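Structural overview for review
Each chain, written out:
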Amino acid sequence: MYIGLDLGTSGLKGVLIDDAQRVVAEASAPLTVQRPHEGWSEQSPADWIAAAEVVMEALAANGLSAVRGIGLSGHMHGATLLDASDEVLRPCILWNDTRSHEEAAELDGDPLFRRVTGNIVFPGFTAPKLVWVQRHEPRLWERVAKVLLPKDYLRLWLTGEHVAEMSDAAGTSWLDTGKRDWSEDCLTATGLSRGQMPRLVEGSAVSGRLRDGLASRWGLPKGVVVAGGGGDNAASGVGVGVVRAGDAFVSLGTSGVLFAANDGYQPAPETAVHTFCHALPETWHQMGVILAATDALNWYAGLVGETAAKLTGGLGALQAPGKGVFLPYLGGERTPLNDAAIRGAFLGLEHATDRAAGTRAVLEGVAFAIRDSRDALAATGTKLERLLAVGGGSRSDYWLSAIATALDIPVQVPVAGDFGGAFGAARLGMMAASGAGAEIATLPQIARVVEPDRSLTGAFDAGHARYRAAQTAIRALAH
């Protein structure tokens, strides 16, 4: 058997799978975020350990004597700072903490970072947070001996080893993403050295072995390997089988992610596409991120006093986009705009715009935002040959039809099941223990395929052109 642990912002989840990759058991423990000041977002690493103990104790009820490998997944970009005796110096500064926006802009202004890392330096990334600590917490800064990403602090507790893997490290602004190694130049530019970084392994490789004391406590055999694992999106990619060039998934969660696997490194930071190492050797991935997907639908549902499920459930067959245009930029936008100031809008409202027309406009707006991400990926040479849909929004057939038609690609919907970060982490644990590779990261069974409505292709192309025109106009107002 194999265990996958996924450290999420709101909770830690664990799954236990057998050698046929069937989920035998799962467990979770909640986590909270502390926001001591505006724009700050922090967690105590001690809370992650406590949550992992709860999850492992629950999984142990199933008997863990057959476990051979453990994989780790977690939220990316967090700055966990340790002193020379591995004591945590301050709460972890999380991915959605924006305090270091000035430092991020300064680093991004240095051409070195985009050239070496292949990405914009976003405020949520790790490097600008360390520059912020240097400036605002100088005494603490002097004591920083190691910087770990969140899941890698769990690894330190499990194995006693300071190790990171490529997919998570690619989100720090310190990794040479093409060479898959720390960049001495980027580290020096932020006042750090290689000695303060963990050593690097591939996600499917062995990073260490479970400490004997923990193994005996939970009933695992001695010497269970712990895999490198992956950042949350890369681990989800492994979980859903998107590990080969041409394969992609669209995740319709609170935010929206268009994730594509690549067999080469093809960065284009100016598009605000994330180009990261995948959790498997010699593989990369690209992501377009839109900040409000189901978030936009839930906002509209609250506005009109109805549930999202009722609003989408009564829409019937796909229709041509109407005159109403919705821009889903409720809290700014990431890909392709990289614009924190832009805000959402309804345009083209008329007497005929009723609640259903408003719902369709919201779903179309998110579909067009995903098309913008697809176009940004295409500009780097990435082609989508197969697209899977995951996340809560994939329950809406109308939404999937709109996405399939806007992107002109069939959308495949997996059978019900959890193919997220914990399952992907368990697969990576299986690879590390058995020596297997990408071949075991198979695609899930497909429940149904939503085809593009080719009779509406022209109407959706015209709708997207109106959306882009509205985007230009609203962006001018926002600045």
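In what follows, the accompanying structure is described. All residue numbers refer to position in the chain's written sequence, counted from 1. For this predicted model, a pLDDT threshold of at least 70 governs which residues receive local features, and a threshold of 80 or more governs which side-chain atom pairs are given and counted, while totals over whole chains, interfaces and linings are taken from all residues. Hydrogen atoms and water are omitted, and side-chain values are computed over all heavy atoms in the structure.

In this text, helices come from DSSP runs of H or I with a minimum length of four residues, and strands from runs of E with a minimum of two, each type numbered from the N-terminal end. Within the chain, the secondary structure is distributed over 16 helices and 24 strands. The size measure is the radius of gyration over C-alpha atoms, and the globule rule it meets is 2.2 Å times the number of residues to the 0.38 power. Here the C-alpha atoms of the chain give a radius of gyration of 22 Å, agreeing with the 23 Å that 2.2 N^0.38 yields for 479 residues. Once the C-alpha set of the chain is aligned to its principal axes, its extents read approximately 70 × 50 × 40 Å. Looking at the chain residue by residue over its 479 residues, the buried ones come to 60%. Taking the contacts inside the chain whose residues are at least 6 apart along the sequence as the reference set, 73% of them involve residues at least 24 apart. Accessible area of the chain: about 17,800 Å², with a carbon and sulfur share of 51%. Positive: Lys, Arg. Negative: Asp, Glu. His and the chain ends are not part of the count. Where a charge lies is defined by one atom per residue type, namely NZ (Lys), CZ (Arg), CG (Asp) and CD (Glu). Taking the 41 positively charged and 52 negatively charged side chains of the chain as two groups, their mean positions are separated by 2 Å. Throughout, exposure labels follow a simple rule: accessible area from a 1.4 Å probe, protein chains only, divided by the maximum for the residue type, with under 20% read as buried, over 50% as exposed, and the rest as partly exposed. The contact criterion used is simple: two residues touch if any of their non-hydrogen atoms lie within 4.5 Å. Only the protein chains shown count as cover for residues, and all accessible areas are computed by the Shrake-Rupley method using a 1.4 Å probe.

Counting buried positions along helix α4 (residues 126–136) yields eight of eleven residues, so the element is predominantly enclosed. Within α4, burial applies to Thr126, Ala127, Pro128, Lys129, Leu130, Val131, Trp132 and Val133. Where α4 is buried, its residues contact β6 (80–82), β7 (92–93), α2 (101–108), α5 (138–141) and β8 (146–148).

The next subject is the nonpolar core. To form a nonpolar core, buried Ala, Val, Leu, Ile, Met, Phe, Trp, Tyr and Cys residues must be joined to one another through side-chain atoms within 4.5 Å. Judged by nonpolar contacts, the single largest core of 54 residues is most densely connected at Leu252, Leu327, Ile370, Leu387, Ile403 and Val411. It is helix α13 (residues 355–378) that contributes the most residues to this core, ten residues altogether. For Leu252, the contacting residues outside a window of four places in its chain are Ala293, Thr294, Ile370, Val390, Gly391, Gly392, Gly393, Ser394, Trp399, Leu400 and Ile403. By size, the runner-up hydrophobic cluster in this structure holds 49 residues, among which are Trp132, Trp182, Phe276 and Leu388.

Considering the arrangement of structural elements, one finds Ala378 in helix α13. Ala378 sits 158 residues away from Leu220 along the chain, and the two C-alpha atoms are 46 Å apart.

Now for the packing of α2 against α4. Here an axis means a line fitted to C-alpha atoms, over the contact stretch when the element is a helix, while the angle between two N-to-C directions is reported on a 0 to 180 degree scale. Where α2 contacts α4, the two axes come as close as 8 Å, and the packing angle between them is 120°. Judged on the interaxial angle alone, α4 and α2 are oblique. As for the relative orientation of α2 and α4, their crossing is right-handed in sense. Of the residues in α4, those in contact with Glu103, Ala104, Glu106 and Leu107 of α2 are Ala127, Pro128, Val131, Trp132, Arg135 and His136. Amino acids outside the nonpolar list (Ala, Val, Leu, Ile, Met, Phe, Trp, Tyr, Cys, Pro) and the charged list (Asp, Glu, Lys, Arg) are all regarded as polar, and Gly is one of them. Split by residue class, the contact of α2 with α4 holds six nonpolar, one polar and three charged. Oblique is the label for any angle not under 35 degrees, not over 145, and not in the 65 to 115 range, which are roughly parallel, roughly antiparallel and roughly perpendicular in turn. Here a crossing is called left-handed whenever its near helix is offset anticlockwise from the far helix by less than a right angle, and right-handed whenever the offset is clockwise.

Between α13 and helix α14 (residues 397–407), the shortest axis-to-axis distance is 9 Å and the interhelical angle comes to 40°. As the angle between them shows, α13 and α14 are arranged oblique. Taken as a pair, α13 and α14 cross one another with a handedness that is right-handed. Residues Arg360, Leu363, Glu364, Val366, Ala367, Phe368, Ile370, Arg371 and Arg374 of α13 pack against Tyr398, Trp399, Ala402, Ile403, Ala406 and Leu407 of α14. Its residues assigned to classes, the contact of α13 with α14 comprises eleven nonpolar, no polar and four charged.

This part is about helix α10 (residues 232–239). Of all eight residues in α10, six are buried, a share of seventy percent or more. Positive phi appears at Gly241, one or two residues downstream of α10, with a value of about 80°.

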